[in-house]
Amino acid sequence: MHNDSLISAENLTYYKRSTEAIVQNLNLVLKPGACLALVGPNGTGKTTTLKLLAGLLRPHQGLVRIQGAIGFLSDKLPLYPELTINELAKALAKLRQIPKDLQAPRLDKWLHLLHLERHQHQLIGTLSRGQQQRVGLFQALLHEPPILLLDEPTQGLDPEQITDFLSCLRDYKPGRTIVFSTHYLPEADLLADTILRFSNQGILQHDPHDCTV
Amino acid sequence: MIRTIAQFELLKLFKTGKIWTLLAVSQFFLGFVFYALLREYQLSAPQYLTLPGFPLGITEKVIHPFLAWTTLFFFLITTLLATQTLTQERKSQTLNLYLTSALSPTHIILGKFLGIFLAEFFLLLPVLIMPLLICITNSIDVGHFLTGLLGLLLLQTATLSLAFLMASFSREPLLAAMMIFMTLFLLSLLEWMGRFLSADYQWIMEFALLYHCKNFLSGIIDSRDIIYYCFLSGLFLCASILRLQQEPRMNR
């Protein structure tokens, strides 16, 4: 039991079609300030791992402990195309129990940081893929949770937006825990303290700073 | 929090335009039914007045069958809305917005239930204006009408909670809609089946959804009917909450 960790997973195992293990005996302890990147090709278990950590999937074996609220961005953007960004933001602010006096400044802050100010009165369904991705990130960050779980957060963003977003996450990191998945190792190197490399053969741990595999 | 979720449900329904489409369809269909019933009454009213005993009034011949048609029509609306709010949201993964927030399954189900119930009530209000229009030129049995309305609301609560349970089991909206409609149909069919069974098995009719609405539509308030609908609603809502608690397991 790690009392100071925000996320801990013990012997996490998840099977696909009851025999094929997607995640096997994964152990994680993530303390405040930690950032973990899950890197690897499609179908190797990155999304499954994130969903297990978010509590959206129940592991076949093992245990996940989460301390605090989470912000979650899934691979399929969970958005309502018929609402404007502003309407969604206001509803989510209430659902996530952000204190009333903090709601407006919090909304303005994240709309500004994610370059969504100009589009706030636009229907989400009419936004481009990149803009919708930013709305997805906006909903995950709005309540400023201590734990952030992001599935391919930079998908659909242009290089400039990726740089902006990664620097935004770097500022957000102190005192919080971030777990994100990506296909690109350089992206993971920029932000993560620890990298878990997923492949069909299993998971390899890789610390970007001493480059030991 | 239940109120916040209900408000969000209403916002989504009104913004998509679905509620306006349903309003137009229900007004058109039930308006036509109301017109047909009224026309038939006008043509045959002299015969009713000559019936021995007490003559049947406009409440029995128009409002009673109109409320029965409204009940059946709202089976469809309930099916559509319950599927939209649970199954479709699960499919598009927007349900994850609720599940990853610090909201309990009880809050999620009750909030969504309240939102959809209020949306249905909004659809029902203009429909109820039709029978009240009779008051301009004629008099209706207000007590009878209100009792029928109470029955309709209780039945709607029970069917909506049943629809929630069915919708919480499926990932495909079409499949969920079929499951809900078939279950509502089968539960209504129990009454019809009971008529063909011997007296020993007629208790089966007590489980029929519409059977308990008949008393209300006839202007009778029977506590057994109220208990039946309240019990059914509570049971199905609790089962829906338990089902949502099992969501991570079911996602496997």
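Residues numbered from 1 in each chain as written. Chains lettered and ligands numbered in written order. Predicted model: local features only at pLDDT ≥ 70, side-chain atom pairs only at ≥ 80, totals over all residues. Heavy atoms only, no water.

## Comments concerning the overall build of chain A
Step number 1: A count of helical and extended segments in chain A gives six helices and nine strands.
Step number 2: Rg of the C-alpha trace for chain A: 17 Å, near the compact-globule value of 17 Å for 213 residues, within the 12% margin.
Step number 3: Overall size of chain A, expressed as C-alpha extent along the three principal axes, is 45 × 35 × 35 Å.
Step number 4: Long-range pairs, those at least 24 residues apart, make up 67% of the contacts in chain A with a sequence separation of at least 6.
Step number 5: As presented, chain A carries roughly 9,600 Å² of accessible surface, and 50% of it is formed by carbon and sulfur atoms. (Helix = DSSP H or I, 4+ residues; strand = E, 2+ residues; numbered from the N terminus. Rg over C-alpha atoms; globule rule 2.2 N^0.38 Å. Contact = heavy atoms within 4.5 Å. Areas by Shrake-Rupley, 256 points an atom, 1.4 Å probe, with all protein chains shown as cover.)

## Digging into the overall build of chain B
Step number 1: Looking only at helices and strands, chain B features 10 helices and zero strands.
Step number 2: The secondary structure elements of chain B, listed N-terminal to C-terminal, are α-α-α-α-α-α-α-α-α-α.
Step number 3: Expected size for 252 residues packed as a compact globule is a radius of gyration near 18 Å; at 20 Å, chain B falls within 12% of this value.
Step number 4: In terms of its C-alpha atoms, chain B occupies a principal-axis envelope of roughly 65 × 50 × 30 Å.

## Side note on the pattern of salt bridges
Two side chains of opposite charge can pair, provided their charged atoms sit close to one another.
Residue and element names in this part refer to chain B.
Step number 1: In the structure shown here, the tally under the stated rule is 10 salt bridges over all chains.
Step number 2: Residues lysine 112 and glutamate 89 are paired through a salt bridge, measuring 3.2 Å at the closest nitrogen-oxygen approach. Pair noted here: lysine 112 is in helix 5 (residues 105–133) and glutamate 89 is in helix 3 (residues 58–91), with a separation of 23 residues, a long-range link.
Step number 3: Residue class for lysine 112 comes out buried when judged on its relative accessible area of 0%.
Step number 4: On the accessibility criterion, glutamate 89 (5% relative accessible area) is buried.
Step number 5: Among the salt bridges present, the one from lysine 91 reaches glutamate 172, with a minimum N-O distance of 3.4 Å. Here lysine 91 is found in helix 3, whereas its partner glutamate 172 is found in the loop between helix 6 (142–167) and helix 7 (173–196), with 81 residues between them in sequence. (Salt bridge = Lys/Arg side-chain N within 4 Å of Asp/Glu carboxyl O. Buried < 20%, exposed > 50% of the residue type's maximum accessible area, 1.4 Å probe, protein only.)

## Considerations on the interface of chain B and chain A
Step number 1: In this complex, chain B contributes 28 residues to the contact, which on the side of chain A involves 29 residues.
Step number 2: Between chain B and chain A the total buried area reaches about 2,500 Å² when both faces are included, carbon and sulfur atoms providing 60% of it.
Step number 3: At the boundary of chain B and chain A, one finds one salt bridge.
Step number 4: A:Glu87 is the salt-bridge partner of B:Lys15, the closest N and O atoms lying 3.2 Å from each other.
Step number 5: Put simply, chain B and chain A have four residue pairs in polar contact (both at pLDDT 80 or more) between them.
Step number 6: Of all the elements in the fold, those that place two or more residues in the side of chain B that touches chain A are helix 1 (2–16), helix 3, helix 4 (95–99) and helix 10 (247–250) of chain B. (Buried area = accessible area lost by both parts, 1.4 Å probe. Polar contact = N/O pair within 3.5 Å; in protein donor to acceptor, adjacent residues only side chain to side chain.)

Coordinates in, geometry out; function isn't part of it.
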